[in-house]
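Structural overview
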Amino acid sequence: MKKMVALILLAGLAFSATAGAELKIGYVDVRRVLIESNAGKQFQAAAEKAGKEKQGMFAAEEKKLQALKETYEKDQLTYTEAQKRSKQRDLQDKYQALQDSVSDTQKEFRQKEGEFTSKALKDIRMAIADVAKEEKTTLVLGKDEMSVLYSEEGMDLTAKVLQKYNTKFPVK
């Protein structure tokens, strides 16, 4: 449906171009702007740092649980049946708590990434509008969304949008 609307829009613009108005079309690789922008690089670096810290914590906790498991396996012959069940349940609960913690952390990272992306896309759209006005561009397509199959070099506004985004929305 989106492609159909885009094709109709392009046809209408092409018709108006033949009627005297100049048609200038550009495209932007929004994903590239998101990744290569200062804000994107800062977010990625912070996420990687936090991820490594959490991964270290989880590895240490898993090591502790492995030591508890080995102690249990070594000493299980000296336990009564009730003690065995209790220790097994305790180990299972601790492993489950670790898995829950890992899952919660992953969910938290995805949420933070979604929040960053949502805000960044709003800002990128403003930067695209600024560049389009400066370049007197009639239509700007998203490189990934509209499947740009061919374009001349001069039509790619990505670098200009990236520069405008970094300038207009500096990293704090």
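As the structure is a computational prediction, the values presented were derived from the model and not from experiment.

Reading the values: rules and limits
- Residues numbered from 1 in each chain as written.
- Predicted model: local features only at pLDDT ≥ 70, side-chain atom pairs only at ≥ 80, totals over all residues.
- Heavy atoms only, no water.
- Helix = DSSP H or I, 4+ residues; strand = E, 2+ residues; numbered from the N terminus.
- Buried < 20%, exposed > 50% of the residue type's maximum accessible area, 1.4 Å probe, protein only.
- Contact = heavy atoms within 4.5 Å.
- Polar contact = N/O pair within 3.5 Å; in protein donor to acceptor, adjacent residues only side chain to side chain.
- Salt bridge = Lys/Arg side-chain N within 4 Å of Asp/Glu carboxyl O.
- Expected span 1.5 Å × (residues − 1).
- Core = buried A, V, L, I, M, F, W, Y, C linked by side-chain atoms within 4.5 Å.

Observations regarding the overall build of the protein chain
Summing up its helical and strand segments, the protein chain has 5 helices and 2 strands in all. Along the chain direction, N to C, the helices and strands of the protein chain fall in the order α-β-α-α-α-β-α. Taking all 172 residues of the protein chain together, the buried fraction comes to 23%. Put simply, of all contacts in the protein chain between residues at least 6 apart along the chain, 84% involve residues at least 24 apart.

Things to note about the side chain of Asn166
Residue position: Asn166 is located in helix 5 (residues 158-168). Exposure remark for Asn166: the relative accessible area of 19% places this residue in the buried category. Not counting residues up to four positions away in its chain, the partners in contact with Asn166 are Ser37, Asn38 and Ala39.

Remarks on the environment of Lys119
Its place among the elements puts Lys119 in helix 4 (residues 81-134). The exposure class assigned to Lys119 is exposed, which follows from its relative accessible area of 53%. Reaching out from Lys119, the side chain makes a polar contact with the side chain of Asp123 at a distance of 2.7 Å.

A short note on the pattern of salt bridges
A full pass over the atoms with the stated rule returns 9 salt bridges. With a shortest N-O distance of 3.5 Å, Asp90 and Lys94 are connected by a salt bridge. In this pair, Asp90 and Lys94 are both assigned in helix 4, 4 residues apart and thus about one turn of the helix distant. Close ionic contact of Lys168 with Asp130 constitutes a salt bridge, the shortest N to O distance being 2.6 Å. Of this pair, Lys168 sits in helix 5 while Asp130 sits in helix 4; the two residues are 38 residues apart in sequence, bridging distant segments of the chain.

Remarks on helix 4
Side chains that are three or four residues apart share a direction in an α-helix, a result of its 3.6 residues per turn. With 54 residues, helix 4 extends 78 Å from end C-alpha to end C-alpha; this agrees with the ideal 80 Å at 1.5 Å per step. Turning to helix 4, its buried residues number three or more, namely Lys84, Leu91, Leu98, Thr105, Phe116, Ala120, Asp123, Ile124, Ala127, Ile128, Val131 and Ala132. Those residues of helix 4 that are buried are in contact with strand 1 (25-28), helix 2 (30-36), helix 3 (38-75), strand 2 (139-142) and helix 5. Two residues or fewer after helix 4 comes Lys136, characterised by a positive phi angle close to 55°.

As for the side chain of Ser37
The residue Ser37 is located in the loop between helix 2 and helix 3 in this model. Ignoring anything within four residues of it in the chain, the contact list for Ser37 reads Arg32, Leu162, Tyr165 and Asn166.

Some remarks on the nonpolar core
Counting residues in each nonpolar core, the largest one holds 16 residues, and the members touching the most others are Val28, Val33, Ile124, Ile128, Val161 and Tyr165. Contributing elements (two or more residues each) for this core: helix 2, helix 4 and helix 5. In terms of residue count, helix 4 provides more of this core than any other element does, 6 residues in total. When sequence neighbours within four positions are dropped, the list of residues in contact with Tyr165 reads Val33, Ser37, Ala39, Ala120, Asp123, Ile124 and Ala127.

Shape descriptors only; they carry no functional weight alone.
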